[in-house]
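Survey of secondary and tertiary structure
Next come the chains, spelled out residue by residue.
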Amino acid sequence: MKRIVIKVGSHVLTQDGTLAKDRLLALVDFLAQLHQKNKEVILVSSGAVAAGYTRIKLDRSKVEEKQALAAVGQPYLLREYQKAFEKYNILIAQVLLTADDFDSRRRTEYAKCAIEAMLKERIIPVVNENDVTATEELLFGDNDRLSAHVTYYFDADILAILSDIDAYYDSDPRVNKDAKPLKVVHNLSRDELEQKCSPNDKFATGGIVTKLKAADFLIKRDKKMFLASGFDLSDAKEFLLNGNHIGGTLFTRS
């Protein structure tokens, strides 16, 4: 696995109305380890709206105020990433995308060329959805599906989603204490993909369903996705750094 897309959710990056800097620092340390192993890393980071809310309390249910929160939060979040990556002498770059960037072959190629130039110089692109100016029909609406598109169209080998959901279970672990995590999933049914979205945090936009849709998108295109905890990175580290699949769920065609 040479080129890896890491997606981290807003629930991982914020806690009790503030930026969870300890978890952000742990994430950056992990990405630096991948970087040091000569992996090409692309980070898809949620959290702009949540980060904005830590600075100003606007109503995220209103489109214009959610856009304002994203505008405030995006540079704040990026600055925290910059400070953290400086410790490892790693440069990062901001990349804001919308669904429209993947609907146009020309725009997709422009974005891919920019990403390639960054990775060639060992820069880590930090990707987020541009929800400040994009209209609703141009938005993915969640970064799980955005990260799946980034993985496929930018020729990554695998997408790793680091979340408040540590694996995919055979039933809902919130209501069934006997639910068991699935280690490997090869296909997903229509019923699984059409469940109601159930994000665990008020700033999250997905839940397990958007992650399953991201996995389905990639499985059908012969790409892999790994789902693991973003609170405890041990499973992700074992899998991506050492090749040991201890926890988390791998979605793969074969």
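Overview of the structure. (Residues numbered from 1 in each chain as written. Predicted model: local features only at pLDDT ≥ 70, side-chain atom pairs only at ≥ 80, totals over all residues. Heavy atoms only, no water.)

**Regarding the sheet that holds strand S6 (residues 124-129)**
The condition is simple: In this scheme, strands are said to pair when DSSP sees at least two bridges between them. Where helices and strands are cited, they refer to DSSP runs of H or I of at least four residues and of E of at least two residues respectively, numbered from the N terminus.
Reading across the sheet, the eight strands line up as S5-S6-S4-S1-S7-S11-S12-S10 and stay open at both edges, with mixed pairing between neighbours. Both outer strands of the open sheet, strand S5 (92-97) and strand S10 (184-185), are each paired with one neighbouring strand and no more. Bridging between strand S11 (residues 224-229) and strand S12 (residues 249-251) involves three bridges; their strand directions are antiparallel. Following the sheet pairing, Met225 is matched in S12 by Phe251.

**Remarks on the nonpolar core**
Our working rule: By convention a nonpolar core is built from buried Ala, Val, Leu, Ile, Met, Phe, Trp, Tyr and Cys residues, the set being connected through side-chain atoms within 4.5 Å. The buried label goes to any residue with under 20% of its type's maximum accessible area, the exposed label to any with over 50%, and the partly exposed label to all in between, with areas taken from a 1.4 Å probe on protein chains only. The contact rule is simple, with two residues in contact once any of their heavy atoms fall within 4.5 Å.
Counting residues in hydrophobic clusters, the biggest one holds 37 residues, and the most contacted among them are Ile6, Phe30, Leu34, Leu43, Tyr81 and Leu240. The element best represented in this core is helix H2 (residues 21-36), accounting for seven residues. Dropping the residues within four chain positions of it, Leu43 is found in contact with Ile6, Val8, Leu27, Leu31, Tyr81, Ile124, Pro125, Val126 and Val127. Counting 36 residues, the second-largest nonpolar core is a separate cluster that includes Val5, Val95, Phe154 and Ile161.

**A look at the environment of Leu77**
As for its position among the elements, Leu77 is in helix H4 (residues 63-86). Its relative accessible area of 2% is what places Leu77 among the buried residues. Along the chain, Leu77 and Gly52 lie 25 residues apart, while their C-alpha atoms are 8.4 Å from each other. With residues near it in sequence (within four places) discarded, Leu77 still touches Leu13, Leu19, Leu24, Ser45, Ser46, Gly47, Ala48 and Ala51.

**Points about unusual backbone geometry**
Although it is not a glycine, Asp155 sits at a positive phi angle of roughly 60°. Position of Asp155 relative to the elements: it lies in the loop between helix H7 (143-153) and strand S7 (158-163). Its relative accessible area of 37% is what places Asp155 among the partly exposed residues.

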